[in-house]
Structures are given as structure tokens and as C-alpha cells.
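Fold and contact review
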Amino acid sequence: MTLRVGVVGAGFMGRVHAEAARRAGATVVAATASRPDRAAAAARAVGAERGYPGVAELLGTAGVDVVHICTPNATHAPVAAAALAAGAHVVCEKPLATGLAEATGLAAAAVDRVATVPFVYRFHPMVRELRARLAAGEAGTVATVTGSYLQDWLSRPTDDDWRVDSGLGGASRAFGDIGSHWADLFEFVTGDRITRLSARTAVVHERGTQQVPPTEDLAALLFTTAAGTVGTLVVSQVAAGRKNRLHLEISGTDASFAFDQEDPERLWAGRRAGGQVLLRDPATLHPSAARYVRLPAGHAQGYQDCFDAFVADTYAAIRGEAPAGLPTFADGLRTVRVTDAVLSSAAGDGEWVEVTP
């Protein structure tokens, strides 16, 4: 079965989604943009067969099986709800919604559909290797986790983007945009859950107005988990020189492991007797990691490869398969809950807040 795909939003992420859809064997038949008069340009941008003036027209006449939502954050929930109501499967960019009630409703509405959120860092082979080693107990007792997600694309006071506008991007920017990726990755590889946290946020450059308050440039938090692990995390979009550095280090009594998204071909493993760097080599990886190797060892894989694997697994689920580790709307809801707890704690001057399971 060749799936028919509609892409809502024709910016950078829309093009990434469309390319991944084609590589997974689907046909991109429809696209929409932010304005009706940009329908034809949207179709050209993502390589769709036809542009539609709006979401209603796309859902009503294009005959799509899957809708990919790549629009500003505040539109995710209504577009996803409309697509689900029309009977389509959905791939929705994170955050799933800018409010907890909306995200909860979407997760409930998606129970009879394949509905996924592109937490694509799960699809690095070395992330799957880390997950397999932790599941096998190689770390011993996981005592601490430290991490960061650092970017610099808003480090100058003149830098701007629609995400800065809380009306479009939601109440949280730095944590909701990238901290959510880190939180999902940590919980995915460990199988553990963040249960309590204390957070601080800061605005470095005042980009907002009295009508539209600024969203945070950075967030720092201390947290504990269901298993008793203590963790720290720093998230920043004003860290000069860091382009997209997600770093996760898990320290156990028998072994520690560290993954750096900007160097995804390697996984560091440390023990009392010494450390080693594990390489992405299909001959040595756990089978759950090796299945995501597309190129021989030494031939670098990257972000688009992760995205391609995520979309391929989503489409496999639509066809009735059950790929392991597919991030669903339930995972999207989970990160909205963590983000909500971060904002609540920061508003309370760093008070400890329980994270809803």
C-alpha cells in the first residue's frame, strides 16, 4: 500500500518531513501553507502534487492517509484534532500542544490511530545501543544523570523568530522546544521517569512586548526520578558556538555512558578500569541498534537519517507492524507535562514540583 501524505507547513521542517515520507515509499500528494495564496508555493517547496488553500480543503478533498503537521506550535492542537476527526493518521511536530488540556485531549483522541511525535534522536543507532546496554544492567545502579541542550541561534539581541512570540510558540520556548527532546531521550534510554523537579528560567534578551511577554532563553533544573536517580539539566538557546548540542551522561556504579548528538557516531563508556569509545559499527552493535544502521561503519549518518527512520517506523505501524520505541502522542503528552512542571517551578522561584505521570 502506497500511503498518500499531506504536509501542513512548508518551511524547513515541512521539507524534512516530505523528504522522509518519499524515502519511506509514500507519495506526497498535498500541502498547505500559512496563507491561501501560498498554496502553490507550498506544494513546490515540499514536492507535493498539489497545494491547498487551507487545512479544511486538504482534509476534505485530497484523500490523504497521513497528515504531517509542521506549523507554528499554537496551531498543532487544532490541526491535529481536525486530522484525527477526518480519519487520518498524524505526525505532529513537538510540542504536541501549547497547553496541557489540549495535549491530554489529543492523546485520548488518537487511541485508534497511529499518531506520532518526531522525537527523532531516539533513532540514532548509538542511542539504541545505549538503551540496550542500560536495559542489560551494564551501568549497575544508575546514581546520577547530567545533561544539556545548547544552541546559539538566539544569542544576539537582534535574533528573532516566530518561536519568540508566546502567542505562536507557547509559554515555553527553550525548554518546550529543545528541553523536551532531552527529557524524552533520557526517559527513553533509561525507562525511568522524572518525578520531581526544581527549575529556574531566565530571559537574556528582552524580545517581547507588554502585550506578548518574552519566553525563556534558558532553563536549569534539578530533578529526581522514580528509580531514585538525581539529575541536572541546562537548556539554552543563547550559548554562543553551540549549534545543536544535546549531551546526555548517565553515571552508574558499574559503568557510565555519554552521548553527544553533535557526534552521534560514538558512545562513550567509562569504567573503573578505564574508558572506551564505542563506534557505530553494525558488526558490533546490539540488534536493536544495528537495525537503524543505513551505511557501513565510518560513513557518517546524521539527522535526516534519524528522521527517515522515524517516518519509516511510523508508516510501518500504519501498515500493522509494531516497531519498538516509536514516539506516540502519549510521549508528546508526557513532555508537555514535564514542560508544565518546569514553568510551574520557575514561577514559584524554583520550588519543588511533582511531575504528573
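Structure shown above.
Analysis parameters
- Residues numbered from 1 in each chain as written.
- Predicted model: local features only at pLDDT ≥ 70, side-chain atom pairs only at ≥ 80, totals over all residues.
- Heavy atoms only, no water.
- Salt bridge = Lys/Arg side-chain N within 4 Å of Asp/Glu carboxyl O.
- Buried < 20%, exposed > 50% of the residue type's maximum accessible area, 1.4 Å probe, protein only.
- Helix = DSSP H or I, 4+ residues; strand = E, 2+ residues; numbered from the N terminus.
- Pairing = 2+ DSSP bridges.
- Contact = heavy atoms within 4.5 Å.
- Axes fitted to C-alpha atoms, helices over the stretch in contact; angles between N-to-C directions.
- Parallel < 35°, antiparallel > 145°, perpendicular 65-115°, else oblique.
- Phe/Tyr/Trp six-rings, centres within 6.5 Å; stacked < 30°, edge-to-face > 60°.
- Lys NZ or Arg CZ within 6 Å of the ring centre and 35° of its normal.
- Expected span 1.5 Å × (residues − 1).

**Side note on the pattern of salt bridges**
Evaluated as defined, the whole model comprises 24 salt bridges. Of the charged contacts in the structure, one is a salt bridge between Asp 37 and Arg 35, with a shortest N-O distance of 3.0 Å. Look at Asp 37 and you get exposed, because its relative accessible area is 59%. We classify Arg 35 as partly exposed; its relative accessible area is 38%. Of the charged contacts, one joins Lys 94 and Asp 177 as a salt bridge, the two residues approaching to 2.7 Å between their closest N and O atoms. Placement of the pair is Lys 94 in the loop between strand 5 (89-92) and helix 5 (100-109) and Asp 177 in helix 8 (residues 174-190), with a sequence separation of 83 residues. Of the two residues examined, Lys 94 and Asp 177, each falls in the buried class. Each of Glu 19, Arg 22, Arg 23, Arg 294, Asp 305 and Asp 308 takes part in a single network of salt bridges with overlapping partners.

**Observations regarding the sheet that holds strand 2 (residues 27-32)**
The pairing of strands in a sheet happens through backbone hydrogen bonds and is either parallel or antiparallel. With parallel pairing, six strands are arranged side by side in an open sheet as 3-2-1-4-5-6. The sheet terminates laterally at strand 3 (50-51) and strand 6 (115-116), the two strands that pair on one side only. When strand 2 meets strand 3, the two strands line up parallel, connected through two bridges. Along strand 3, the bridge assignment pairs Ala 31 with Gly 51. Against the sheet, helix 10 (residues 303-318) engages strand 1 (4-8), strand 4 (66-69), strand 5 and strand 6, with an angle of about 150° to strand 4.

**Here we look at the sheet that holds strand 12 (residues 256-260)**
Within the open sheet, the nine strands sit side by side as 14-13-12-11-7-10-9-8-15. Their pairing is mixed. Looking at strand neighbours, the two that pair on one side only are strand 14 (274-279) and strand 15 (353-354), the edges of this open sheet. Here strand 7 (residues 142-150) runs beside strand 10 (residues 230-236); their pairing, made up of seven bridges, is parallel. Residue pairing across strands places Leu 150 opposite Ser 236, the latter belonging to strand 10. Contacts between helix 8 and the sheet are confined to strand 7, strand 8 (194-202), strand 9 (218-225), strand 10, strand 11 (245-252) and strand 12, with strand 11 contributing the most and set at about 35° to the helix. Along the sheet, helix 11 (residues 329-347) contacts strand 8, strand 9 and strand 15; its crossing angle with strand 8, the most-contacted strand, is approximately 55°.

**Some words on the environment of Leu 221**
Among the secondary structure elements, Leu 221 is positioned in strand 9. The contacts of Leu 221, once residues within four sequence positions are left out, are Phe 175, Leu 197, Ser 198, Ala 199, Gly 231, Thr 232, Leu 233 and Val 342.

**Re the side chain of Thr 314**
Within the secondary structure, Thr 314 sits in helix 10. A residue is classified by how much of its surface remains accessible, and Thr 314, at 1% relative accessible area, is buried. Apart from residues no more than four positions distant in its own chain, Thr 314 is found in contact with Val 91, Val 114, Thr 116 and Leu 326.

**Structural notes on the packing of helix 6 (residues 125-135) against helix 8**
It is the contact of helix 6 with helix 8, at a shortest axis distance of 8 Å, that shows an interaxial angle of 45°. Looking at the two axes, helix 6 sits oblique to helix 8. Of the residues in helix 8, those touching helix 6 at Val 127, Arg 128, Leu 130, Arg 131 and Leu 134 are Leu 185, Phe 188, Val 189 and Thr 190.

**Considerations on the packing of aromatic side chains**
Evaluation of the coordinates by the stated rule reveals nine aromatic pairs. Judged by centre distance (5.5 Å) and plane angle (85°), the rings of Phe 123 and Tyr 292 are edge-to-face. Highlighted residues: Phe 123 in the loop between strand 6 and helix 6 and Tyr 292 in the loop between helix 9 (287-290) and helix 10, separated in sequence by 169 residues. Each of the two residues, Phe 123 as well as Tyr 292, counts as buried. In this structure Phe 123 comes out as buried when scored by relative accessible area, which is 2%. Through a chain of ring-to-ring contacts, three or more aromatic side chains come together here, namely Tyr 121, Phe 123, Tyr 149, Tyr 292, Tyr 303, Phe 307 and Phe 310. Directly above the aromatic system of Phe 123 lies the positively charged group of Arg 128, at a separation of 4.9 Å from the ring centroid.

**Details of helix 10**
For helix 10, built from 16 residues, the straight-helix expectation of 22 Å at 1.5 Å per residue is met to within 8% by its first-to-last C-alpha distance of 23 Å. In terms of residue burial, helix 10 counts as a mostly covered element, since 13 of its 16 residues are buried. Phi turns positive one or two residues past the end of helix 10, at Gly 320, with a value near 105°.

**Digging into the side chain of Arg 334**
Tracing the backbone through its elements, the reader meets Arg 334 in helix 11. By relative accessible area, which is 5% here, Arg 334 ends up buried. With residues near it in sequence (within four places) discarded, Arg 334 still touches Glu 187, Arg 193, Ile 194, Val 355, Thr 356 and Pro 357.

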